[in-house]
Amino acid sequence: MEAYINGLSVISPQNTFNNSDFLSEPVVYTTNYLSCIEPSYKEYLNPTLARRMARIIKMGIAASNICMKDANVAMPDAIITGTALGCLEDTEKFLWAIIENEEQFLTPTSFIQSTHNTVSAQIALQLKCMNYNFTYVHKGFSFESALLDSLMTIAEGEAQNVLTGAHDEMTDKYYKVCDRIGYWKKENVSTFDLINSKTNGSIAGEGAAFFMLGAQKGENVYAKIRGLKTIYKPESAAEIEKHINQLLAEKGLTINDIDVVLYGINGDVQYDHVYYNLKDGLLKNSSATYFKHLCGEYQTASSFAMWIAAMILKTQNIPHAILIGENKRKPIKNVLIYNTFLNIDHSLLLLSAC
Amino acid sequence: MDALIDKLKGEIIEQLNLEDVKKEDINNDAPLFGDGLGLDSIDALELIVLLEKNYGIKVANPQDGKKIFQSIRTMAEYIQANQK
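Position labels on residues start from 1 in each chain and follow its written sequence. By the order in which they are written, chains take letters starting at A while ligands take numbers starting at 1. Note on the predicted model: pLDDT of at least 70 is required for a residue's local features to be given, and 80 or more for side-chain atom pairs to be given and counted; whole-chain, interface and lining totals, by contrast, use all residues. Based on all heavy atoms of the structure, the side-chain values leave hydrogens and waters out of the count.

### Digging into the environment of B:Asp29
All names here are of chain B.
At step 1: Numbering of helices and strands starts at the N terminus; helices are DSSP runs of H or I of at least 4 residues and strands are runs of E of at least 2. Along the chain, Asp-29 turns up in the loop between helix 1 (2-15) and helix 2 (41-55).
At step 2: Accessible area is worked out with a 1.4 Å probe on protein chains only. A residue is then buried under 20% of its type maximum, exposed over 50%, and partly exposed in between. Given a relative accessible area of 48%, Asp-29 falls into the partly exposed group.
At step 3: Linking Asp-29 and Ala-3, residues 26 residues apart in sequence, is a C-alpha distance of 15 Å.
At step 4: Contacts were defined at the residue level, with two residues in contact if any of their heavy atoms lie within 4.5 Å. Asp-29 has contacts with Ser-71 and Arg-73, leaving out every residue within four places of it along the chain.
At step 5: The term polar contact refers here to a pair of N or O atoms within 3.5 Å; inside protein, the definition further demands a hydrogen-donor-capable atom paired with an acceptor-capable atom, and it admits residues adjacent in sequence only when both atoms are side-chain atoms. There is a polar contact of 2.7 Å between the side chain of Asp-29 and the side chain of Arg-73.

### Comments concerning the pattern of salt bridges
All names here are of chain A.
At step 1: The term salt bridge refers to a pairing of a side-chain nitrogen on Lys or Arg with a carboxyl oxygen on Asp or Glu at a separation within 4 Å. Taken as a whole and assessed by the stated rule, the structure comprises 16 salt bridges over all chains.
At step 2: Asp-90 serves as the salt-bridge partner of Lys-93, at 3.8 Å between the closest nitrogen and oxygen. Of this pair, Lys-93 and Asp-90 both sit in helix 3 (residues 88-100), separated by three residues, roughly a single helical turn.

### Focus: the sheet that holds strand 8 (residues 287-290) of chain A
All names here are of chain A.
At step 1: Strands were regarded as paired on the criterion that DSSP finds at least two bridges between them. Taking strand neighbours across the sheet as the criterion, the eleven strands line up as 3-2-4-5-1-6-11-10-7-8-9 in an open arrangement whose pairing is mixed. Edge strands, defined here as strands with exactly one partner in the open sheet, are strand 3 (132-136) and strand 9 (323-324).
At step 2: For strand 7 (residues 260-263) and strand 8, the ladder comprises four bridges, and the chain directions are parallel. Within strand 8, the position partnered with Val-261 by the bridge is Ala-288.
At step 3: Fitting a line to C-alpha atoms yields each axis, with helices limited to the stretch in contact; the angle taken between N-to-C directions then spans 0 to 180 degrees. Sheet contacts for helix 5 (residues 118-127): strand 2 (78-82), strand 3, strand 4 (161-168) and strand 5 (207-214); angle to strand 2, the most-contacted strand, approximately 155°.

### Details of the interface of chain A and chain B
At step 1: On the side of chain B, 15 residues touch chain A, which itself brings eleven residues to the contact.
At step 2: Buried area counts how much accessible surface, traced with a 1.4 Å probe, disappears from two parts once they are put together, with both parts' losses summed. Across the chain A/chain B interface, buried area totals approximately 1,100 Å², and carbon plus sulfur atoms make up 51% of it.
At step 3: When the buried area of chain A at its contact with chain B is split by residue, A:Arg51, A:Arg52 and A:Phe105 rank highest and sum to 54% of it.
At step 4: Joining chain A to chain B, the criterion identifies three salt bridges.

### A word on the packing of helix 1 of chain B against helix 2 of chain B
All names here are of chain B.
At step 1: Between helix 1 and helix 2, the least distance of the axes is 11 Å, while the angle of their chain directions is 125°. Regarding the angle of helix 1 to helix 2, the classification is oblique. You can see that helix 1 and helix 2 cross each other, and the crossing is right-handed. Contact residues: helix 1 offers Leu-4, Lys-7, Leu-8, Glu-11, Ile-12 and Gln-15, while helix 2 offers Glu-46, Leu-47, Leu-50, Asn-54 and Tyr-55.
At step 2: Residue classes follow a fixed rule: Ala, Val, Leu, Ile, Met, Phe, Trp, Tyr, Cys and Pro count as nonpolar, while Asp, Glu, Lys and Arg count as charged, and any other residue, Gly among them, counts as polar. A class-by-class count of the residues in the contact of helix 1 with helix 2 yields six nonpolar, two polar and three charged. By definition in this entry, angles of less than 35 degrees are roughly parallel, angles greater than 145 are roughly antiparallel, angles of 65 to 115 are roughly perpendicular, and the rest are oblique. Helix crossings fall into two classes, left-handed where the near helix is turned counterclockwise from the far one by less than a right angle and right-handed where it is turned clockwise.

Structural data, given as structure tokens:
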């Protein structure tokens, strides 16, 4: 199962949404709560409709809109998204109103917009797109599940162009709940110090990313998705390495063919050893890069990684902001993304240059 | 009546998230739905909840809605006539 990335867009805590700049001047944060830099929505949304939309819905629609223009595709054959938290702000608003008003006076808007599939549904409504529309909600595998369905839909010939995306938002309440669980660092860490952090927890993030996946190479093609693997709670480093070798063998590649690895290093001393085992072991000959210091940790952060990988392959440039050490390889033909959410959901994604 | 109309405009702008609309932009007699403010059926539900929550008035007969929500003035008149 393979597909071309013919267009993309990501709204993130960096200036990324219109693809004109590839992390040349990264925004440096000194807090543990990263929020997205949002575009002016008036360019992408009807103001009458936008007034009811929560932030994540606007982010999702704007990102999908930019992505479709980038790919020059007016109507996708399918819309497939992944999200762990859905439209959290509206869910909180709705639940809070239930408590505050003692289960009376419930207003319809936040209820209607609180479902996990609101973003993909709103995109379809705006486009008047009656095609296959699905949203996957599988915590750290949400984006990967959407991607898998997209690749299968293309492989089976049911679609030529699939709009695939992921979106998750951070809210004050969710940040506090996760803080109590121990997801976030107790001390503030600056963006470029995160990689050297030796304490528990990471920094919170969010984002909305969309990709136009095609069966055929488009005029603005970025990269080709070659393979995807998800691993639930691997028992050992050896098991992870086995999966990497399997994925590469299936594609007729070896470890030496991987030019760049994009790691989900997030500064959490409890789990970062997973990445370092690979970086200093099996994948030591590849250029090492990382991304979560720029977007923060969230369940669908691998979608931000896929944006970076596709941009690397198209521009043949690795921004200094993501490089660990030196770039060892040129030209860049193959990029492997390795990501884990809380050392539970692990995923491998292989992209190649076109 | 003028004070109630002014208060109602503020509540509607807040409840319906009419970001770019100011109180003075809303004509007291202009239609709320279709032309004028351009509200829709979801807004109608929001207005029904607003009446109940803020003024303790239940719109028992949905058929009355068309008359009540014709304009800001008709809403204010309905509130004045029915508020306990």
